[in-house]
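# Per-entry structural report
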Amino acid sequence: MIADDVRRHFTKSFDGEPTLVVSAAGRVNLIGEHVDYNGGEALPIAIQRRTAVAVRLRPGAAATRINSGGTGGVLTLDHARLARKRKWTDYVAGVLDQLIGRGIDVPGLDVAVASDIPSGSGLSSSAALEVAFGFAVETLLGLHTDPVALALMCQNAERQFVGVPCGAMDQLAAACGVEGHALHMQFAPATVCAVPFTEHVLVVDTAVPRTLRGSAYEERVKECAAALVAVQRVAPTVPTLAAATMEQLAQAELPDVQRRRARHVIAECERVRQTVATLAAGHQFPGHLAVASHESLRDDYECSSPELDWVVQHAMRASGISGARLTGAGWGGCAVVFGEAGALESLAASLPADYSQAIGHRPRTWVVSADAGARIES
Ligand code: ADP
Ligand code: MG
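Let us look at the structure shown here. (Residues numbered from 1 in each chain as written. Chains lettered and ligands numbered in written order. Predicted model: local features only at pLDDT ≥ 70, side-chain atom pairs only at ≥ 80, totals over all residues. Heavy atoms only, no water.)

### Points about unusual backbone geometry
- Following A188, the chain continues to P189 via a peptide bond in cis, the omega torsion being 0°.
- Topologically, P189 is positioned in the loop between β6 (181–187) and β7 (190–196).
- Non-glycine residue E302 carries a positive phi angle of around 50°.
- As for its position among the elements, E302 is in the loop between α9 (287–299) and α10 (306–317). (Helix = DSSP H or I, 4+ residues; strand = E, 2+ residues; numbered from the N terminus.)

The structure is reproduced here in structure tokens:
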């Protein structure tokens, strides 16, 4: 258990016991990709892969000491001199920076971190770290903000301090997850509504380094911003790209690339609404919408990869599988597969060997279901 691990790491690093242990969740997005920064909607679940944080006050100190994973030594973050260092502590320093920037007098802390979320695979280990740490500090200091506000503060930390122009989905899922429910999210403004979802899903990590990802992601953000400007020339009251209609897009004058990016965003939001309606009516996840989402991401948004396409095609040939799509930003990372629980388990068992043979290295697979967001462990 990750909460037990973090207690052990804490005691090893700092002597004595933590006063509080909390955790926050990794996430998988079921549908609604590349829409958060376009004011659209998405449907992720928080998963059982979690990051735990153990904390204790350091009376009289104005610096936080921190260790992750029980190895690598203890690092120190001086609260008066928080600066980006281009390492993992930036995610924590960014949250401290947000809290201090709000006028909160954050005392020095001893902090241990433990996680079973694979880092850099698209299951959002960075947001889980930010949210778990932010939740720990708020709980320890008796500050009662709601999970949406906590998530938005952590998003600001990642945008402003770490320098990643991310949307709010990852942090909202890490903070607001509900066991047995998917999270219907809107982003302008941010709201989260839990929708019953008790199915298992299979996550396949293509285990391909995402070297292009940072720059390509920023390029998409800019293309969408430019597409919105073009749409607003014909429809000035449209507030976000996700709020535009296909008719308005058809009237707008813009380069083909921007048109395809916008078409993905508008169609993807409609797929999210259809999925939510289907689940709310008590039906299974509509797998065909996952496939349509993947095709749109592959062809219009151009953020798939040969490995992700292979996983989706391979999964759709297996019996008992209803749908599959890339999940997360793309350009490598993970795919998600929907279907009967038994079919997902047998695909999880057989896929790695087939993938290795076709692609040349082993993928990782996890069968997950919807779990809670930020919570107190002890
Ligand atoms: P993802 O969020 O999809 O896992 P990111 O690249 O956004 O991928 O975030 C991964 C980074 O977050 C890691 O390289 C590391 O800097 C930081 N990180 C996440 N979890 C931990 C952890 N448990 N301990 C230390 N650093 C972590
Ligand atoms: Mg991340």
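### Some thoughts on the sheet that holds strand β9 (residues 321–327)
- Across the sheet, 4 strands lie side by side as β9-β10-β8-β11; this open sheet has antiparallel pairing. The outermost strands of the open sheet, each flanked by one partner alone, are β9 and β11 (364–368). Strand-to-strand twist across the sheet, computed as the mean angle between neighbouring axes with direction ignored, equals 20°.
- Pairing between β9 and strand β10 (residues 334–339): 6 bridges, direction antiparallel. Across the sheet, residue T327 finds its bridge partner in β10, namely C334.
- Along the sheet, helix α11 (residues 341–359) contacts β8 (201–205), β9, β10 and β11; its crossing angle with β11, the most-contacted strand, is approximately 170°. (Pairing = 2+ DSSP bridges. Axes fitted to C-alpha atoms, helices over the stretch in contact; angles between N-to-C directions. Contact = heavy atoms within 4.5 Å.)

### Things to note about the nonpolar core
- Membership of the largest hydrophobic core comes to 88 residues, with the highest contact counts inside it found for V53, V111, V131, F133, L172, L241 and V337.
- Once you skip the residues sitting within four places of it in the chain, V131 turns out to touch A24, L150, C154, Q171, A174, A175 and A374.
- Core analysis: the next-biggest nonpolar cluster, separate from the first, contains 26 residues, I31, V201, L279 and A370 among them. (Core = buried A, V, L, I, M, F, W, Y, C linked by side-chain atoms within 4.5 Å. Buried < 20%, exposed > 50% of the residue type's maximum accessible area, 1.4 Å probe, protein only.)

### Some points on the environment of G69
- By the secondary structure assignment, G69 is in the loop between β3 (63–68) and β4 (71–78).
- As for G69 and I117, which are separated by 48 residues in sequence, their C-alpha atoms are 12 Å apart.
- The residues contacting G69, other than those within four sequence positions of it, are H9 and V113.

### Thoughts on the pairing of β3
- Sheet topology places β3 next to β4; 5 bridges connect them, and they run antiparallel. Directly across from T64, in β4, lies its bridge partner L77.
- Where β3 folds back onto β4 in an antiparallel hairpin, the turn is made up of 2 residues, including G69, whose phi is positive at roughly 80°.
- As paired strands, β3 and strand β5 (residues 109–115) are joined by 4 bridges and run parallel to one another. Following the sheet pairing, N67 is matched in β5 by A112.

### Looking at the packing of aromatic side chains
- For the structure on display, the rule yields 5 aromatic pairs.
- Between W310 and Y355, the ring centres sit 5.4 Å apart and the planes meet at 80°, which makes this aromatic pair edge-to-face. On the criterion of sequence distance, the pair formed by W310 in helix α10 and Y355 in helix α11 is long-range, its members being 45 residues apart.
- Members of the aromatic cluster, joined through ring pairs, are F197, F285 and F338.
- Lying over the aromatic face of Y301, R220 brings its terminal NZ or CZ to 5.9 Å of the ring centre. (Phe/Tyr/Trp six-rings, centres within 6.5 Å; stacked < 30°, edge-to-face > 60°. Lys NZ or Arg CZ within 6 Å of the ring centre and 35° of its normal.)

### Quick look at the pattern of salt bridges
- Tallied over the full model, the rule gives 24 salt bridges.
- Between R27 and D170 there is a salt bridge whose closest N-O contact spans 2.8 Å. Placement of the pair is R27 in strand β1 (residues 20–31) and D170 in helix α5 (residues 169–176), with a sequence separation of 143 residues. Grouping residues by exposure puts R27 and D170 together as buried. (Salt bridge = Lys/Arg side-chain N within 4 Å of Asp/Glu carboxyl O.)

### Considerations on the side chain of R56
- Following the sequence through the fold, R56 ends up in strand β2 (residues 41–57).
- Classification of R56 by relative accessible area gives buried; the value is 18%.
- Of note is the side chain of R56, whose polar atom sits 2.8 Å from the backbone oxygen of D15.
- Looking at R56, its side chain comes within polar contact range of the main-chain oxygen of E17, at 3.5 Å. (Polar contact = N/O pair within 3.5 Å; in protein donor to acceptor, adjacent residues only side chain to side chain.)

### Comments concerning the side chain of R261
- Relative to the assigned elements, R261 resides in helix α8 (residues 256–280).
- In this structure R261 comes out as buried when scored by relative accessible area, which is 3%.
- Among the polar contacts listed, one links the side chain of R261 to the side chain of E223, at a separation of 2.7 Å.
- For R261, the contacting residues outside a window of four places in its chain are R220, E223, C224, D300, Y301 and E302.

### Quick word on the site of ligand 1
- Neighbouring ligand 1 are 16 residues, the closest being S68, G120, G122, S125 and S126.
- Between a nitrogen atom of ligand 1 and a side-chain N or O atom of S68, the distance comes to 2.6 Å.
- A distance of 2.6 Å separates an oxygen atom of ligand 1 from a polar side-chain atom of S125.
- Relative to its unbound accessible surface of 570 Å², ligand 1 loses 76% to contact with the protein. (Near = heavy atom within 4 Å. Areas by Shrake-Rupley, 256 points an atom, 1.4 Å probe, with all protein chains shown as cover.)

### Here we look at the state of the cysteines
- In this structure the tally under the stated criterion is 0 disulfides.
- The thiol of C303 is unpaired, and the distance to the nearest cysteine sulfur, on C224, comes to 10 Å.
- C303 gets classed as buried once you look at its relative accessible area, which sits at 0%. (Disulfide = S-S within 2.5 Å.)

### Observations concerning α11
- The first and last C-alpha atoms of α11 sit 26 Å apart over 19 residues, in line with the 27 Å expected at 1.5 Å per residue.
- Along its length, α11 shows its largest kink, about 35°, at L351, and proline P352 lies within four residues downstream of that point.
- Listed in full, the buried residues belonging to α11 are A343, L344, L347, A348, L351, P352, Y355 and S356.
- Here the buried face of α11 lies against β8, α10, β9, β10 and β11.
- After α11 finishes, the residue G360 shows a positive phi value of roughly 110°. (Expected span 1.5 Å × (residues − 1). Bend = angle between axes of the 7 residues up to and from the residue.)

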